[in-house]
Amino acid sequence: MYRLLNHRFLYLIPLLLSAILSLKAFRLKWPKPYRLYACMVILSLITEVLALAWKWELYKWGSFNFSQNNFWIYNCFLILRFGLLSVIFNLTLYRNKLLPLITGIIFLFGILDYAFIHGPFQFNTYSMILTHVCIITLCLLYFWQLLQEPGAISIQKEPLFWMAISIFFYHAVSLPFLIMLGFFNVQDYRLSALFFPINEALNFLLCSCYLISFLWKPQYSQPL
Amino acid sequence: METSVFATSLTIIISTLLVLGLCTAVVYFLFLYQKKKFRHQQEIIEMRETFNHVLLQSRLAIQEQTLDHISKELHANFSHLVSLININLQEILPQAPADQRENILETKSLAKQLMSELKALSANLNTDHIIHIGFIKALENELNRLAKTKKYEVVITKAGEEYRILPEHEIILFRLCQEVLNNIVKYAKATEVTASLSFSKEQFVLVLADDGTGFNVQDALENSGEKQSTGLLNMNKRASLINADLLITSRNGGGTMVIITIPQPQILQSINE
């Protein structure tokens, strides 16, 4: 337990709190996108706990002795999270036939990358870059939709807006690094190691935004 | 080699910060734009409300003018005609055969009754008359008319020192009460009507209650569009015009109570002064 008392795990506090608060989306029967968002937050918490537990204890559970590498958990989570985000955005954005098709293809590619191309024990950079680009695009489409809507909502009180901000920040900032990750690995491992503090800060920002989002409730556009 | 790693690390950190700054700028402008849009929308809503308020006021003014015109017509034209009928009957009466005299006398009496009804109706429709006698007296007249029908037992109670409010507010309040009383006559099947007036500096409260069949207020409001009934909506609009709170409580078989509260009424004068 004392191992958790490290600044690297600081993001777990807002994540845990947001997962608890997200339960109100089910209790108050918020619309489907918000409930899926709550599922995503809860899934994030479960993944983090499982990944840490695997790395520390679970890999040598019972008589088994698996690899300590927990990338298979994170890779799996990233595909699932992308799937959930795609559904959330497809439900929120104006109907577009192309959007579900593109996100569906990327989701399938993610599964292929996980199963065959990179495999579960390596960082699935191909699918990660693709999903990052797709998520950034979806966020920008969401922001564009907010600007185009005839009615106005108080966006600082809208949970989905906070979700979009958090994932936009996280993905947009980490994308250039992810693209260069292979190159850095070849050049010098210390350059790749720089990703950890950046990811740590972004993770904290992401989880804090999750927490803020669940302090509010869904806003409905006031028609003119 | 060390310098190269350091320089690349620095480049990575700076570019990460730059991207972060760029994202912040995007979100900041989004916030700014949305805030502006939100404020603009609020202004439009306020303007629309003001416009609707003015429109309603003009509509009521036109309505008042029409009622005033009808009242004057009733008083000048119709009353005059009834008077002529009465004079004619008076002239016919001595020459009429004995067996028809009773009928003529009966017709004369009916004409007299018609005359007094016309006068009362004319007075109730006449805005100037209502302003002249005041809301309380006008309401009492209306209730007395109800009592005269002998279908209703009317009870009027007053508390506090009576005062008068702005004439235009009195007119609106009186029309609102007429609407309530009209509803009682049309739908309530009541036997008792109670009017309670409470005067204080802080608020003026008028309660009109009946012991009739009652109705489901929520249903009536929701179905007003289907039934093309605007009574309740009009009452609410009239109340909002004089900044009054209108509360209607009713249940099936349990009578209806209409509570009109004017907080901080603009008192013109005390009646006892």
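Below, the structure is looked at part by part.

Criteria and cut-off values
Residues numbered from 1 in each chain as written. Chains lettered and ligands numbered in written order. Predicted model: local features only at pLDDT ≥ 70, side-chain atom pairs only at ≥ 80, totals over all residues. Helix = DSSP H or I, 4+ residues; strand = E, 2+ residues; numbered from the N terminus. Buried ≥ 20, exposed ≤ 12 C-beta atoms within 10 Å, placed from the backbone. Contact = placed C-beta atoms within 7 Å. Pairing = 2+ DSSP bridges. Axes fitted to C-alpha atoms, helices over the stretch in contact; angles between N-to-C directions.

1. Focus on the overall build of chain B
Looking only at helices and strands, chain B has 7 helices and 7 strands in total. In chain B, the succession of helices and strands from N to C terminus is α-α-α-α-β-β-α-β-β-α-α-β-β-β. Residue burial in chain B is summarised as follows: out of 273 residues, 18% are buried. Counting only contacts in chain B whose residues sit at least 6 apart along the sequence, the fraction spanning at least 24 positions is 73%.

2. Things to note about the sheet that holds strand β1 (residues 153–159) of chain B
Residue and element names in this part refer to chain B. Across the sheet, 5 strands lie side by side as β1-β3-β4-β6-β5; this open sheet has mixed pairing. Two strands bound the open sheet, and with one partner strand each, they are β1 and β5 (245–250). For this sheet, the mean inter-axis angle between neighbouring strands, taken without regard to orientation, is 10°. Here β5 pairs with strand β6 (residues 256–263) via 6 bridges, running antiparallel. Looking across to β6, one finds that aspartate 245 is bridged to threonine 261.

3. Here we look at the environment of Ile70(B)
All names here are of chain B. By the secondary structure assignment, isoleucine 70 is in helix α1 (residues 2–95). With 15 C-beta atoms counted inside 10 Å, the residue isoleucine 70 sits in the partly exposed group. Between the C-alpha atom of isoleucine 70 and that of asparagine 126, which follows or precedes it by 56 residues, the distance is 8.3 Å.

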